[in-house]
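Survey of secondary and tertiary structure
In case you want the letters, here they are:
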Amino acid sequence: MTQTELMNSFPPGCSINDRVLLISPEMFPELKGRTIQECRAFLLITRGNLTAKVGTRLTRVTSNYFIDMLVWEPVEFTEMSDDLRAWCLLPNNVFTNESLNGLKPADSESFKDRHAIPLLQLDTDDTATLQRQLELMQSALENTAHFYREELCRTYFRSFMLEAGNIMHLKRTESDDTEGIENRQDTILRSFLKLVWKYYKSEHNIDFYASRLCLSSKHLSRVVRDKLGKTPYAVIRDELLQQASSLLKDTKMSVQDISAELHFSEMAAFCKFFKKHTGMSPTSFRNSERETPNLINKD
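Here's a quick rundown of the structure.

About the thresholds
Residues numbered from 1 in each chain as written. Predicted model: local features only at pLDDT ≥ 70, side-chain atom pairs only at ≥ 80, totals over all residues. Heavy atoms only, no water. Pairing = 2+ DSSP bridges. Helix = DSSP H or I, 4+ residues; strand = E, 2+ residues; numbered from the N terminus. Phe/Tyr/Trp six-rings, centres within 6.5 Å; stacked < 30°, edge-to-face > 60°. Buried < 20%, exposed > 50% of the residue type's maximum accessible area, 1.4 Å probe, protein only. Polar contact = N/O pair within 3.5 Å; in protein donor to acceptor, adjacent residues only side chain to side chain. Contact = heavy atoms within 4.5 Å. Core = buried A, V, L, I, M, F, W, Y, C linked by side-chain atoms within 4.5 Å. Axes fitted to C-alpha atoms, helices over the stretch in contact; angles between N-to-C directions. Parallel < 35°, antiparallel > 145°, perpendicular 65-115°, else oblique. Nonpolar A, V, L, I, M, F, W, Y, C, P; charged D, E, K, R; others polar.

**Some words on the sheet that holds strand 5 (residues 49-54)**
One open sheet holds the 4 strands; their spatial order is 3-8-5-6, and the pairing between them is antiparallel. Bordering the open sheet on either side are strand 3 (35-36) and strand 6 (57-62), each of which pairs with just one other strand. Sheet topology note: the strand 5/strand 6 ladder contains 6 bridges and is antiparallel. Considered in strand 6, the bridge of V54 is made with R57.

This is the structure in structure tokens:
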């Protein structure tokens, strides 16, 4: 299930539509047997244990573990202990950028690194610190009548990421004790994704990314297909569509300006691209319901 599909499975007080979903310990058991994919997920295990199937690999996670993962391979929660207490936070790229782009620290980009220490063991104080931020965010989400609900959620998410970033910074010297050693393909994929998130607006050609990684386009395509089940172009395309959809829904920028922002050669090329993958012209999309489910086709 994608983030959008999961949102439809939980009460409105758990999410901001097309932005973020927070699953509390009380609702976490509802994830058992479900498969999630194509989203970013933070897991905080405060008590008990669970077993997750990531692709074909089984991973058992116990209390006081924090997981930050970009879920391209399907992840299924297969087993949960009776005393399990766990949180699952799923923000999309738009919500993450809205919440973090104003950060002042020079290394603020590290908070958006989707592969920074994917599995991290915490002490009880660190676990309690992260849980407090999630509890604040849960309270804000549940108050659907609050005029500043979205702003509060972005604030608490920002606080959560700052606390997580601080913990990660302090733990980096202990990284030899963390799990999740990358193989060569994982390293290539991680580097490719980081380049896409940085350059997707201006660089739409696979050759650019292959060149930056000192690889052939054919080899890069093979790695991305093996790891994600989609082409490098599809990864770039999805980022462009997500950003275009966000700009069309949430700004007053003209279609011409959005086309220029995303570095299309001309507005007609942007309109053709957008309609091909969503079935709607940019103007029609803008005029449609703001709550319309994600229209982006997945390979």
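**A few points about the packing of aromatic side chains**
Geometry of an aromatic ring pair is reported as the spacing of the ring centres plus the angle between the planes. Applying the stated rule across the entire model yields 13 aromatic pairs. On the basis of an interplanar angle of 75 degrees and a centroid distance of 5.3 Å, the ring pair of Y199 and F208 is categorised as edge-to-face. Aromatic ring contacts, followed pair by pair, group F264, F270, F273, F274 and F285 into a single cluster.

**So, the side chain of S81**
Secondary-structure assignment places S81 in the loop between strand 8 (75-80) and strand 9 (85-91). Relative accessible area serves as the criterion here: at 18%, S81 is assigned to the buried category. Among the polar contacts listed, one links the side chain of S81 to the side chain of D83, at a separation of 2.7 Å. Dropping the residues within four chain positions of it, S81 is found in contact with G48 and N49.

**Observations concerning the pairing of strand 2 (residues 20-23)**
Judged by which residues are buried, strand 2 turns out to be covered on both faces: V20 and L22 on one side and L21 and I23 on the other are all buried. Looking at chain direction, strand 1 (residues 15-16) and strand 2 are connected through 2 bridges and run antiparallel. Paired with I16 across the two strands is V20, which belongs to strand 2. Here strand 1 hands over to strand 2 after 3 residues, with D18 in that stretch at a positive phi of 60 degrees. Summarising the sheet, strand 2 and strand 9 pair through 4 bridges and their orientation is antiparallel. Across the sheet, residue V20 finds its bridge partner in strand 9, namely P91.

**Digging into the environment of R154**
Here R154 shows up in helix 4 (residues 149-171). With 134 residues separating them along the chain, R154 and V20 place their C-alpha atoms 9.5 Å apart.

**Considering the nonpolar core**
By size, the foremost hydrophobic cluster in this structure holds 32 residues, and its most contacted members are F192, Y209, L220 and F270. Those elements that provide at least two residues to this core are helix 5 (184-199), helix 6 (206-212), helix 7 (217-228), helix 8 (232-250), helix 9 (255-261) and helix 10 (267-278). Sort the elements by how many residues they give to this core and helix 5 lands first, with 8 residues. Contacts of L220, omitting those with residues within four sequence positions, involve I188, F192, I206, Y209, A210, L213, L215 and P232. In this structure, L6, F28, A52 and L84 belong to the second largest nonpolar core, which totals 28 residues.

**So, the pairing of strand 5**
Pairing analysis gives 5 bridges linking strand 5 to strand 8, with the strands arranged antiparallel. Across the sheet, residue V54 finds its bridge partner in strand 8, namely V75.

**Some details on the packing of helix 5 against helix 7**
A pair of packed helices can be characterised by two numbers: the angle between their axes and the separation between those axes. It is the contact of helix 5 with helix 7, at a shortest axis distance of 10 Å, that shows an interaxial angle of 100 degrees. Here helix 7 runs roughly perpendicular to helix 5, going by the angle between their axes. For the pair helix 5 and helix 7, the contacting residues are Q185, D186, I188, L189, F192 and L193 in the first and H219, L220, V223, V224, D226, K227 and L228 in the second. Across the contact of helix 5 with helix 7, the residue classes tally to 8 nonpolar, 2 polar and 3 charged.

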